[in-house]
Amino acid sequence: MKLQGKVAIVTGAGSGMGKAIATLYAQEGAKVILADINQPHVDAVVSEIKAQRCEATGIVVNVAQKEDVEHMIQTAVSTYGSVDILVNNAGVLDNFTPVGDMSDELWDRLLQINLTGPFQACRAAINIMKDQEHGGVIINNASVGGLFGARGGAAYVASKHGLVGLTKNIATTYGREGGNIRANAIAPGGVQTNIQSTITAPHPLGAAAIGDTGRARTADPMEIARVALFLASDDSSFINGQVIVADGGWTAR
């Protein structure tokens, strides 16, 4: 029970990596707030977790809405009394759209969901964690797109680079001297999740750039969840401000 008694929030918890992370956290003793924009999905996952005699609460959250994000953090406090772990997992793709064809609307949507929403969640969580004796842990699910240029479209890559930078800034500002808060990011490669179904009309130029990089195998979501468990637990107590790449060797090529 690596997370016994901890209170964790996981966004995008209705499917894929978020579902796997929330389920594993609950199995490891955490009380989990599952946040997702899709109510039937999040309700189903909560039911699965409770069937295992674990603690979970579902909440419908659109991470692009500031009010939803702040309500999510307050729900954790009002329901379980604290926020010990925040996992910003929710995110969307952009059909590999390059800068020359990127609309303002698509750019704004990607940045709002992938970067501004996590920032707002971090801000609300930090203002609770910094007053807790034990601090807290923030895990931002970034992407290898946050480390390289040819793993997504312009908005996706920019948002994930921004998320990595946000993570490092939080770590250096709110470490042991600033509130005992650790912040790390995960940079997954290809993972079997519903996000792949949103690639409805891949831009040929952007897709060609990704094709040139080759591809490793696709991960099961639970493989990423185990990384998130390590980062949330005391096993990683001396790890702060880092990006853990979990891509099956894709970017090693």
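Our subject is the structure that appears above.
Residues numbered from 1 in each chain as written. Predicted model: local features only at pLDDT ≥ 70, side-chain atom pairs only at ≥ 80, totals over all residues. Heavy atoms only, no water.

Colleague: Help me understand the pairing of strand β5 (residues 136-141), please; the structure alone is not making it clear to me.
Modeller: Regular strands place their side chains on alternate faces of the sheet. Buried residues dominate β5, accounting for six of its six residues. The alternating pattern of β5 places Gly136, Ile138 and Asn140 on one face and Val137, Ile139 and Asn141 on the opposite face, and all of these are buried. For the crossover that starts at strand β4 (residues 85-88), traverses helix α4 (residues 104-129) and ends in the parallel β5, the hand is right-handed. Across six bridges, β5 lies against strand β6 (residues 181-188) in parallel orientation. Bridge pairing in β6 places Ile139 opposite Asn184. In this view, the connection linking β5 to its parallel neighbour β6 by way of helix α5 (residues 154-173) has right-handed handedness. (Buried < 20%, exposed > 50% of the residue type's maximum accessible area, 1.4 Å probe, protein only. Helix = DSSP H or I, 4+ residues; strand = E, 2+ residues; numbered from the N terminus. Right-handed = clockwise from strand over helix to strand, strands pointing away. Pairing = 2+ DSSP bridges.)

Colleague: Help me understand helix α2 (residues 39-51) in this model?
Modeller: In an α-helix there are 3.6 residues to a turn, and that puts residues three or four apart on one side. Between its terminal C-alpha atoms α2 stretches 18 Å, which fits the 18 Å expected from 13 residues at 1.5 Å a residue. Three or more residues of α2 are buried, namely Val42, Val45, Val46 and Ile49. Looking straight down α2, one finds that the buried residues subtend no more than 100° of arc, so they occupy a single side. Opposite the packed face of α2, turned more than 90 degrees from it, sit the exposed residues Pro40 and Ala51. Along its buried surface, α2 packs onto α1 (16-27), β2 (31-36) and β3 (56-60). Sitting at the amino-terminal end of α2 is Asn38, which places a side-chain oxygen 3.1 Å from the backbone nitrogen of His41. (Expected span 1.5 Å × (residues − 1). Arc of directions from axis to C-beta. Contact = heavy atoms within 4.5 Å. Polar contact = N/O pair within 3.5 Å; in protein donor to acceptor, adjacent residues only side chain to side chain.)

Colleague: Can you help me understand the side chain of Thr75 in this one?
Modeller: Considering the arrangement of structural elements, one finds Thr75 in helix α3 (residues 66-80). Owing to a relative accessible area of 12%, Thr75 belongs among the buried residues under this scheme.

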